[in-house]
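Structural characterization, general
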Amino acid sequence: MSLMGVDVGTTGVKAVVFSEDGNILSSSYKEYPLIFPFDGAAELDSVEVIDSALSVIGKAAAAVKNSDPVKAIGIASQGEAFTPVASDGSMLGNGMTSSDCRAAGIVDAWSEDFGIDQIYQITGHTPYPMFSLYKLLWLKHEKPDVWDKTWKFMFYNDLLAYTLTGHSAADYTIAARSMLFDVRSKKWSSKILNKIELDENKLPSPVPPGSIVGQIHSELAEKLSLDNNVKVCVCGHDQPVGALGCGASKPGSASYSIGTVECICPVIGSPIFTPELMKSNLAMYPHVLPNTYTTVAFSITGGSVLRWVRDQIAYEELAEAKSKNIDPYDIITQNASSSPSDLVMLSHFGPTGTPHFDSTGAGIIFGLKLSSTKGDIFRAALEGITYEMLWNLSILRDAGFNLTEIRAVGGGSKSEKWMQIKSDILGIPLTVMKVSEATCMGAAMLAGNSINSINPAEAQWASPIKTYEPNKQYSSMYEGRFEIYKELYSASFQARKMLDRLKGENL
């Protein structure tokens, strides 16, 4: 018996089949394009997304049909994006992705009228254009015909589950990312729904992560090389599902995804609601594990800063990488200074994530001298990206969350030098995990739990590769540099306000 995990992402969908002990048996992936119909909009053709998902499910299932057939499918997906669906199952519009900011002009006035503190206390989130609540308000105002014709507003994991089974349900984590959900009572918020005049029946039923929605349609099962009795589960928001997949399954542990976007997703035993967390835009919502909560601390620019370094500074390293057919980031990291840099790089080379939600971020390289080298800049970039995550973790720590273990996955986790730098800056052990498909793995684990096959909190599917212990001497040095990093952000924010005024005067 095998288990399938499906990850419906922003630019593609992947299906991976695992054995009951966590070995990958087959996989399939298909990309789809983002659509930008007007400034501020970022959409997905939901018909294409679902067709692509069915395609990868069929290919991954066909590969194991005769050897170890799939018994349950778990679905994880991106958060925030929804699709209006008619009563006949047809889609009335595209899905608005997390990066869609068309509702930016609605956020402040509506939130202040409703009450920002009340929004946070109900939903565990702070106002931002990415969330479904504001996109729904935009849709109601700009496309009232679609609003009126919609039978259900579905998110991608329950939309796919509905396609497979004919039944619709949204797990708690996906529901929470809509900002329509009461994260304490785990029900749709009647206060918010009444305010926007949305009937609860137009939303999928909220269920615990990993719940079985139904059994796959018999005619669809045959097309997808699946048995008729395959169970389909809605498993959750991709970040906490991925955290489970890399083995972060106990309170105090967290996953650290290191890629283009850096994201830390912890397991929190009891929900924490504080003014500081609200001010810092650190959400509090259900984890995919029972009776636990999570947040997402993230840097949008993250690895993009290293791409800027590669393209704008590391010409020789890039040429060397091409000649040797190796990853240029390996050379950049290798050539970074061997000890903490006297330079401090503010890593806001674009819109930030938490704790600032600053859409007009700007980077700084502070401390440059004629004697500064490329290696110093390389090191400062590696450090600056990590300072941003330390800022988030220090806010969580001050709010009462004690982080004891970080499990790292993603492309950046392959660099031993960078992982040691991160451990030194964060001041806690950092374990790199051997798992290439953490979100699909977490979804498959939850699916296995739904049919009493495995316990996801106890399964050891992801194995550790190496643990990096912080160098106490370097950690002490980084404490002072981190204070400079925070001061640079404050100075940058004020300078940008002055520059904006100057630009306005010159128009």
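Refer to the structure presented above.
Residues numbered from 1 in each chain as written. Predicted model: local features only at pLDDT ≥ 70, side-chain atom pairs only at ≥ 80, totals over all residues. Heavy atoms only, no water.

A look at unusual backbone geometry
For the peptide bond that leads from T354 to P355, omega is 5°, which places it in the cis range. Of note in the backbone geometry, E80 takes a positive phi value of approximately 75° without being a glycine. Within the secondary structure layout, E80 lies in the loop between strand 5 (70-77) and strand 6 (82-85). One non-glycine residue, N452, adopts positive backbone phi at about 60°. As for its placement among the helices and strands, N452 is situated in the loop between helix 17 (438-450) and strand 24 (463-468). (Helix = DSSP H or I, 4+ residues; strand = E, 2+ residues; numbered from the N terminus.)

Brief notes about the environment of A254
Note on placement: A254 falls in strand 15 (residues 253-258). Take A254: its relative accessible area is 0%, and that puts it in the buried class. It is 8.4 Å that separates the C-alpha atoms of A254 and T404, two residues lying 150 residues apart in sequence. Setting aside its immediate chain neighbours within four residues, A254 contacts A248, I264, C265, P266, L403, E405, I406 and R407. (Buried < 20%, exposed > 50% of the residue type's maximum accessible area, 1.4 Å probe, protein only. Contact = heavy atoms within 4.5 Å.)

Thoughts on the packing of aromatic side chains
The final tally for this structure, using the stated rule, is 20 aromatic pairs. Ring geometry for F181 versus W188: centroids 5.6 Å apart, planes at 80°, classification edge-to-face. Aromatic pair W391 and F482: ring centres 6.4 Å apart, planes at 85°, arrangement edge-to-face. Within this pair, whereas W391 is found in helix 15 (residues 374-398), its partner F482 is found in helix 18 (residues 472-506), the two being separated by 91 residues in sequence. Aromatic rings pair up to connect Y387, W391, Y478, F482, Y485, Y489 and F493 into one cluster. Directly above the ring of W151 sits K152, whose terminal nitrogen or CZ lies 5.6 Å from the centroid. Its end group placed over the ring of F273, R184 keeps NZ or CZ at 3.9 Å from the ring centre. (Phe/Tyr/Trp six-rings, centres within 6.5 Å; stacked < 30°, edge-to-face > 60°. Lys NZ or Arg CZ within 6 Å of the ring centre and 35° of its normal.)

Digging into the nonpolar core
Counting 101 residues, the largest nonpolar core has W110, L133, Y134, L180, L198 and Y256 as the members making the most contacts within it. Top contributing element to this core by residue count: helix 15, with 13 residues. Dropping the residues within four chain positions of it, L133 is found in contact with W110, S178, M179, L180, I192 and I196. Core analysis: the second largest hydrophobic core is formed by 40 residues, L44, A61, L226 and V232 among them. (Core = buried A, V, L, I, M, F, W, Y, C linked by side-chain atoms within 4.5 Å.)

What to know about the side chain of K202
By the element assignment, K202 lies in the loop between helix 8 (190-196) and strand 12 (205-207). The side chain of K202 sits in the buried core without any salt bridge; D148 is the nearest counter-charge, 5.5 Å away. Within the structure, K202 has its side chain in polar contact with the backbone oxygen of W147 (distance 2.8 Å). Residue contacts for K202: discarding those within four places in its chain leaves W147, D148, T150, W151, K152 and F153. (Lys, Arg positive; Asp, Glu negative; His and termini not counted. Salt bridge = Lys/Arg side-chain N within 4 Å of Asp/Glu carboxyl O. Polar contact = N/O pair within 3.5 Å; in protein donor to acceptor, adjacent residues only side chain to side chain.)

What about the sheet that holds strand 16 (residues 262-266)?
Pairing between the strands of a sheet is mediated by backbone hydrogen bonds and can be parallel or antiparallel. On the basis of which strands lie adjacent, the open sheet formed by 6 strands has the order 19-16-15-22-23-24 and mixed pairing. At either end of the open sheet lies a strand with only one pairing partner, and these are strand 19 (297-299) and strand 24. Shown here is a sheet whose adjacent strand axes are inclined to one another by a mean of 20°, direction ignored. Judged from the 3 bridges that link them, strand 16 and strand 19 form a sheet pairing that is antiparallel. Its bridge partner being in strand 19, E262 is matched across the sheet by S299. (Pairing = 2+ DSSP bridges. Axes fitted to C-alpha atoms, helices over the stretch in contact; angles between N-to-C directions.)

So, the pattern of salt bridges
Considering all chains together, one arrives at 20 salt bridges under this definition. Between K374 and E316 there is a salt bridge, and its shortest N-O distance comes to 3.2 Å. Of this pair, K374 sits in helix 15 while E316 is found in helix 13 (residues 315-324), placing the two residues 58 residues apart along the sequence. Assessed through its relative accessible area of 56%, E316 is described here as exposed. Residues E383 and R379 are paired through a salt bridge, measuring 3.0 Å at the closest nitrogen-oxygen approach. With E383 and R379 both in helix 15 and 4 residues apart, this pair spans about one turn of that helix. Each member of the pair, E383 together with R379, is buried. Put simply, E43, D100 and R102 are held in one network by salt bridges that share partners.

Looking at the pairing of strand 22 (residues 405-409)
The buried count for strand 22 comes to 4 of 5 residues, which makes it a mostly enclosed element. Pairing of strand 15 with strand 22, which is carried by 5 bridges, proceeds in the parallel orientation. Paired with S253 across the strands is E405, a residue of strand 22. After leaving strand 22, the chain enters helix 16 (residues 416-426) and then returns to the sheet as strand 23 (residues 430-434), a path that is right-handed. (Right-handed = clockwise from strand over helix to strand, strands pointing away.)

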